[in-house]
Amino acid sequence: MLYDLVNRRYFTRLFSAIPLASINPVQASYSPLSTGNAVPPLAGDDRAYWLQTLLKVADPVLNALAKGQLKAIMPVESAPGQEASRRKVSYLEALGRTLAGMAPWLEHPAAGAEKAQQQAYAGLARQAITNAVNPQSPDFMNFTQGGQPLVDAAFLAHGLLRAPTQLWQQLDKETQVRLVEALKSTRTIKPGYTNWLLFSAMVEAALLKFTGEGDEMRMDYAIKQHQVWYKGDGAYGDGPDFHWDYYNSYVIQPMLLDVLQTLVRAKKADQSLYDLLLARAQRYALIQERLIGPDGSFAAFGRSLAYRCGAFQLLAQVTLQNQLPPDLTGAQVRSALTAVIHRTMDAPGTFDAKGWLQIGLCGHQPSIGETYISTGSLYLCSEAFLPLGLAANDPFWTAPAEDWTAKKIWSGQDVKADHAIKG
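Let us look at the structure shown here. (Residues numbered from 1 in each chain as written. Predicted model: local features only at pLDDT ≥ 70, side-chain atom pairs only at ≥ 80, totals over all residues. Heavy atoms only, no water.)

1. Looking at the packing of aromatic side chains
Thought 1: The full count for this structure, using the stated rule, is 19 aromatic pairs.
Thought 2: Both rings, one in Phe-396 and one in Trp-397, keep their centres 4.8 Å apart while their planes meet at 85 degrees; by these two values the pair is edge-to-face. Assigned by exposure class, Phe-396 and Trp-397 land together as buried.
Thought 3: Ring pairs connect the aromatic residues Phe-242, Trp-244, Tyr-246, Tyr-247, Tyr-250, Phe-298, Phe-301, Tyr-307 and Phe-312, which therefore count as one cluster.
Thought 4: Over the aromatic face of Tyr-230 sits the side chain of Arg-280, whose NZ or CZ is 3.7 Å from the ring centroid.
Thought 5: Sitting above the plane of the Tyr-247 ring, Arg-303 keeps its charged end 4.1 Å from the centroid. (Phe/Tyr/Trp six-rings, centres within 6.5 Å; stacked < 30°, edge-to-face > 60°. Buried < 20%, exposed > 50% of the residue type's maximum accessible area, 1.4 Å probe, protein only. Lys NZ or Arg CZ within 6 Å of the ring centre and 35° of its normal.)

2. Examining the pattern of salt bridges
Thought 1: With the rule as written, the count across this model stands at 20 salt bridges.
Thought 2: With a closest N to O distance of 2.8 Å, Arg-162 and Glu-383 form a salt bridge. Highlighted residues: Arg-162 in helix H8 (residues 148-162) and Glu-383 in the loop between helix H16 (330-345) and helix H17 (395-398), separated in sequence by 221 residues.
Thought 3: Here Arg-162 falls in the buried class, since its relative accessible area comes to 10%.
Thought 4: Glu-383 gets classed as buried once you look at its relative accessible area, which sits at 0%.
Thought 5: Between Glu-216 and Lys-268 there is a salt bridge whose closest N-O contact spans 3.1 Å. Highlighted residues: Glu-216 in helix H12 (residues 216-228) and Lys-268 in the loop between helix H13 (247-265) and helix H14 (271-291), separated in sequence by 52 residues.
Thought 6: The class for Lys-268 is partly exposed, based on a relative accessible area of 39%. (Salt bridge = Lys/Arg side-chain N within 4 Å of Asp/Glu carboxyl O. Helix = DSSP H or I, 4+ residues; strand = E, 2+ residues; numbered from the N terminus.)

3. Here's the deal with helix H6 (residues 90-107)
Thought 1: Between its first and last C-alpha, H6 extends 25 Å over 18 residues, near the 26 Å set by a 1.5 Å rise per residue.
Thought 2: Counting buried positions along H6 yields 17 of 18 residues, so the element is predominantly enclosed. (Expected span 1.5 Å × (residues − 1).)

4. Some details on the side chain of Gln-253
Thought 1: Mapped onto the elements of the fold, Gln-253 is located in helix H13.
Thought 2: Apart from the residues lying within four places of it in its own chain, the contact partners of Gln-253 are Gly-234, Ala-235, Tyr-236, Asn-248, Arg-280, Ala-281, Tyr-284 and Leu-314. (Contact = heavy atoms within 4.5 Å.)

5. What to know about the nonpolar core
Thought 1: Core analysis: the biggest nonpolar cluster contains 129 residues, and Trp-50, Met-102, Met-141, Leu-167 and Leu-179 have the highest contact counts within it.
Thought 2: If we skip the residues at most four places from it in the chain, Leu-167 touches Leu-99, Ala-103, Leu-106, Ala-125, Ile-129, Gly-159 and Leu-160. (Core = buried A, V, L, I, M, F, W, Y, C linked by side-chain atoms within 4.5 Å.)

6. Comments concerning the environment of Ile-129
Thought 1: Tracing the backbone shows Ile-129 in helix H7 (residues 112-132).
Thought 2: Taking the relative accessible area as the measure of exposure, Ile-129 reaches 0% and is therefore buried.
Thought 3: When the C-alpha positions of Ile-129 and Met-141 are compared, they lie 9.8 Å apart, and in sequence the two are 12 residues distant.
Thought 4: Not counting residues up to four positions away in its chain, the partners in contact with Ile-129 are Leu-99, Leu-156, Leu-160, Leu-167, Leu-171, Thr-175 and Leu-179.

7. Some remarks on the state of the cysteines
Thought 1: The full count for this structure, using the stated rule, is 0 disulfides.
Thought 2: The thiol of Cys-309 is unpaired, and the distance to the nearest cysteine sulfur, on Cys-381, comes to 5.1 Å. (Disulfide = S-S within 2.5 Å.)

8. So, the environment of Ala-100
Thought 1: Looking at the element boundaries, Ala-100 is found in helix H6.
Thought 2: According to the relative accessible area criterion, Ala-100 is buried, its value standing at 0%.
Thought 3: Along the primary structure Ala-100 and Ser-382 are separated by 282 residues, whereas in three dimensions their C-alpha atoms are 7.5 Å apart.
Thought 4: The residues touching Ala-100, leaving out its near neighbours within four places in the chain, are Phe-155, Gly-159, Arg-162, Glu-383 and Leu-386.

9. Some remarks on H8
Thought 1: Here H8 is 15 residues long and its end C-alpha atoms lie 22 Å apart, about the 21 Å a rise of 1.5 Å per residue gives.
Thought 2: Across the 15 residues that make up H8, a large majority, 15, are buried.

10. Side note on the packing of H13 against helix H15 (residues 313-320)
Thought 1: One can describe the packing of H13 onto H15 by two numbers: an axis separation of 8 Å at closest approach and a directional angle of 30 degrees. Between H13 and H15, the angle falls in the class roughly parallel. On H15, the residues that touch Ser-249, Tyr-250, Val-251, Gln-253, Pro-254, Leu-257 and Asp-258 of H13 are Gln-313, Leu-314 and Gln-317.
Thought 2: Along the lines of polarity and charge, the residues of the contact of H13 with H15 split into 5 nonpolar, 4 polar and 1 charged. (Axes fitted to C-alpha atoms, helices over the stretch in contact; angles between N-to-C directions. Parallel < 35°, antiparallel > 145°, perpendicular 65-115°, else oblique. Nonpolar A, V, L, I, M, F, W, Y, C, P; charged D, E, K, R; others polar.)

11. Concerning unusual backbone geometry
Thought 1: Here the phi dihedral of Lys-267 falls at roughly 60 degrees; this positive angle occurs in a residue that is not glycine.
Thought 2: If you trace the backbone, Lys-267 turns up in the loop between H13 and H14.
Thought 3: Take Lys-267: its relative accessible area is 78%, and that puts it in the exposed class.
Thought 4: One non-glycine residue with positive phi stands out, namely Arg-308, at about 50 degrees.
Thought 5: Summarising the element assignment, Arg-308 is placed in the loop between H14 and H15.
Thought 6: On the basis of relative accessibility, which here comes to 0%, the residue Arg-308 falls in the buried class.

Any link to function would need more than the numbers given here.
So this is what it looks like as structure tokens:
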């Protein structure tokens, strides 16, 4: 199966277990719990484990959608009484969130066995997008009915920005036209006076990037309002009020940075503002690293805990962009995020018998899911895997493992004092 082709060191061992002729890289169906063919990563190989886990998450979504079968076979688990409403939006959730996290890996050129795997999944992703915006496809998706499609059009747009070559330039022209129309169609949805302003802004950022025209007012308004809502020490309110949750990482800071960066590159915003917001994001990333306990667990508070390790998207993003604050090393962040991924993705019940994610933070915990949570929502966990966009020989992957802050503190090691930032 595709997910097994993770790194060169066990490439030979893998293919002795799976006949090469039996693998179709575009149509392979992922069923890790039933095949018995999975070859685990070698001990200590964090990148192999990350990639294997990401593909375990993404494969059912992309394979089904590339075949035009997502609506037919994806289960829609939801809160009691919510299944009918969530079926209208859950499929776009699964696509947008999967690609938002997977995009950096698809975009960065890989080598060896990973290259073939990357090319196969890039093909699946493009076919998935093609079917999602094709009115004749059984998987044609809802971009306009209700409010939720704006959210997941934004995650899809974020994925496009993170992989412009693989997920935009290599689409056929007809699909590009349809995709632009789908993104523009979300303008009929009025965002709430919260982090939702950034969903409209992200859609417009992608339109600006790929068509040369985006609604600058929507982008500017979202950026300015979040500056007003800044509470200090690296944290923004979700609207005028501050919430104890992980939305600074799920949405606010990653989208805020990438919308603004798109404007800066288009010479429509100042680099100095980006630098200010980046400094705040670096502080929040530092706090995120300190939230990771010695065993990879983290404080379970606030909304949307069913997004699992996606709670650490901001830490993953500043890592991907080589913008970690000076007090954090790549090796300690890699070790900390690896522990979080193990803690949130390896628990029994995380996946159902056919490989689809189930609601929960550590295993299957249906009551953790709010009324807006359904199966498609859960694929936001893929955002933790952004550093797979760094080359396999990057120091982030090759440096020896290091203890992260909580592990140092609670094992009695000496650690520098922590301090707030100004501005």
